[in-house]
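If you want the building blocks of each chain, they are given just below.
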Amino acid sequence: MDSQAKPTLNANPPKRSRKLLGSVIAVAAMAGLGGLAWYLTHQPATPAGGPSAQGPGGPGPGGPGGPGGGGRRSPATTVGVATAEKADIPVTLEALGTVTAAATTTVRPQVSGILQSVLYKEGQMVKAGQVLAQIDPRQFEMALMQATGTRQRDEAQLENARLTLNRYRTLLTQDSIARQDVDTQAALVKQLEGTVMTDKAAEGTAKLNLGYTKVVAPISGRVGLRTVDIGNLVGSSDTSGIAVITQLSPIDVEFSIPQDSVPSVAQRVNEGAALPALALDRTRTNPLDNGKFYAMDNQIDTSTGTVKAKARFANTKSALFPSQFVNVRLELNTIKDAIMVPVTAVRHGTKGDFVYVLKEDKTVTVRQIKRGAATVDKVQITEGLKLGEQVITEGADRLKEGAKVTLPGAKPAGAGAGAASPNGEHHRRNKEGAAKQ
């Protein structure tokens with residue numbers, strides 16, 4: 001029994017050894033790949049020409065840290081620049097305005113009667129004094145004839161009374177008549193003179209009423225839509241009238257001036273300056289007409305803090321229409337020889353406004369400035385900048401005092417014949433990685 005072979009307790013040790021060996025190989029492979037990746041990503045740049053470009057004594061002029069070498073340094077920022085220029089800038093005031101007619105008249109007849117004819121077309125341009133409508137004149141012609149007849153009758157009586165008075169005065173000189181009769185006759189003459197004067201006034205009134213049967217335009221302008229038709233009885237009490245005339249040339253634009261700008265506007269007006277005004281459409285791109293400042297109200301609206309004002313325009317092209325909303329640009333003054341830079345060049349810091357000024361060595365310096373008047377895209381610099389200096393307009397967010405910058409289109413520093421191109425460097429790294437594998 002002793003010579004009998006004992007049974008094997010574990011028949012799997014070879015399989016476990018193979019699994020352990022495979023795990024070790026996998027970990028080693030992963031570690032190798034990680035090391036290769038670190039090497040490729042952290043290897044310093046080698047100048048064109050490979051390792052032979054360096055001498056045996058170490059890094060030369062083309063090596064790391066040398067001029068044009070692969071040493072790590074912060075790249076220069078590419079920026080946009082603009083030159084401070086001299087220009088004349090207008091000081092303007094912009095506001096939203098409403099076109100208002102210089103005069104609007106509702107034409108009403110001054111006498112009552114039947115509308116006989118309408119002598120205008122709707123929307124027609126009419127002139128002052130032009131006949132617009134005709135009222136039946138027959139009753140007014142009869143009234144004029146009656147007034148004329150009464151006047152002629154009373155004038156005849158007055159003439160007879162004057163002759164009688166002259167005879168009485170002659171008889172009085174001959175002491176052939178009593179003085180009382182002469183005085184009575186003189187009083188009768190005066191009475192008849194008053195009657196004739198009244199008759200003349202009545203006759204004049206009748207003539208006016210007859211003339212009023214022709215309804216004329218009191219002002220020049222555009223007549224509106226017709227509000228009454230032929231055959232209707234019209235009169236002076238009609239609210240709608242016969243027509244509405246709106247004067248279009250000249251025409252006014254009413255707008256509001258902020259109370260802070262009122263003193264400057266009033267000063268220019270008191271100096272006798274004719275302030276130019278420009279009417280623009282709602283997009284502020286298309287000019288409609290040119291005019292001048294006309295008048296300003298005498299009170300400030302407490303609810304808005306503004307003062308109403310008017311600008312008058314010739315409106316020869318009929319580009320402005322009553323009740324139209326327009327944008328008004330009022331030119332208050334003109335600043336001569338102002339130093340201007342783009343709005344994008346001015347920045348704001350804790351110490352106030354500043355700009356980055358480009359120096360000759362392609363570095364920038366911070367310059368504190370004071371701004372003045374501004375236009376849509378440029379701003380005036382009153383202090384801190386000289387004419388001809390260059391300022392940074394783009395890329396200033398990444399700058400600080402003394403930062404190196406590159407202008408658009410300029411050749412980067414170190415971009416000579418010995419500088420390594422990005423494509424060549426990438427190809428070299430790929431070859432080295434393949435050889436190690």
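Residues numbered from 1 in each chain as written. Predicted model: local features only at pLDDT ≥ 70, side-chain atom pairs only at ≥ 80, totals over all residues. Heavy atoms only, no water.

Draft legend 1. Spatial organisation of the environment of Thr 382. Note that Thr 382 resides in strand β21 (residues 378-383). Each C-alpha atom of the pair Thr 382 and Ala 338 lies 7.8 Å from the other, and the pair is 44 residues apart in sequence. Not counting the four nearest positions on each side in its chain, Thr 382 is found in contact with Lys 370, Arg 371 and Gly 372. (Helix = DSSP H or I, 4+ residues; strand = E, 2+ residues; numbered from the N terminus. Contact = heavy atoms within 4.5 Å.)

Draft legend 2. Structural detail: the pairing of strand β11 (residues 243-246). Pairing of strand β4 (residues 104-107) with β11 involves four bridges; the strand directions are antiparallel. Residue Thr 105 lies in a different strand from β11, and its bridge partner there is Ile 245. Relative to β11, strand β9 (residues 221-223) is paired through two bridges, and the arrangement is antiparallel. The residue bridging Arg 222 from the neighbouring strand is Thr 246, located in β11. (Pairing = 2+ DSSP bridges.)

Draft legend 3. How the structure looks around the packing of aromatic side chains. Within this structure, the stated rule accounts for one aromatic pair. Between Phe 354 and Tyr 356, the aromatic rings sit 5.6 Å apart at their centres with planes inclined by 85 degrees, giving edge-to-face as the arrangement. When sorted by exposure, Phe 354 lands in the same class as Tyr 356, which is buried. Over the face of the ring belonging to Tyr 294 we find Arg 312, whose NZ or CZ atom lies 4.0 Å from the ring centre. (Phe/Tyr/Trp six-rings, centres within 6.5 Å; stacked < 30°, edge-to-face > 60°. Buried < 20%, exposed > 50% of the residue type's maximum accessible area, 1.4 Å probe, protein only. Lys NZ or Arg CZ within 6 Å of the ring centre and 35° of its normal.)

Draft legend 4. Looking closely at the sheet that holds β4. One open sheet accounts for four strands, arranged β4-β11-β9-β6; its pairing is antiparallel. Either end of the sheet is taken by a strand with one partner, and the two such strands are β4 and β6 (125-126).

Draft legend 5. Quick look at the environment of Ala 309. Its location among the elements puts Ala 309 in strand β15 (residues 306-313). The class for Ala 309 is buried, based on a relative accessible area of 3%. Distance from Ala 309 to Ile 257, taken between C-alpha atoms, is 6.9 Å for residues 52 residues apart in sequence. Residues in contact with Ala 309, not counting those within four places in the same chain, are Val 253, Glu 254, Phe 255, Ile 257, Phe 293, Ala 295 and Met 296.

Draft legend 6. Local environment of unusual backbone geometry. Residue Pro 250 is bonded to the preceding Ser 249 through a cis peptide linkage, with omega at 0 degrees. Along the chain, the position of Pro 250 falls in the loop between β11 and β12 (251-258). Even without a glycine there, the phi angle at Asn 315 is positive, about 55 degrees. Structurally, Asn 315 can be placed in the loop between β15 and β16 (325-342). For Asn 315, a relative accessible area of 3% puts it in the buried group. Look at Ser 323: it is not a glycine, yet its phi comes out positive at around 70 degrees. Position of Ser 323 relative to the elements: it lies in the loop between β15 and β16.

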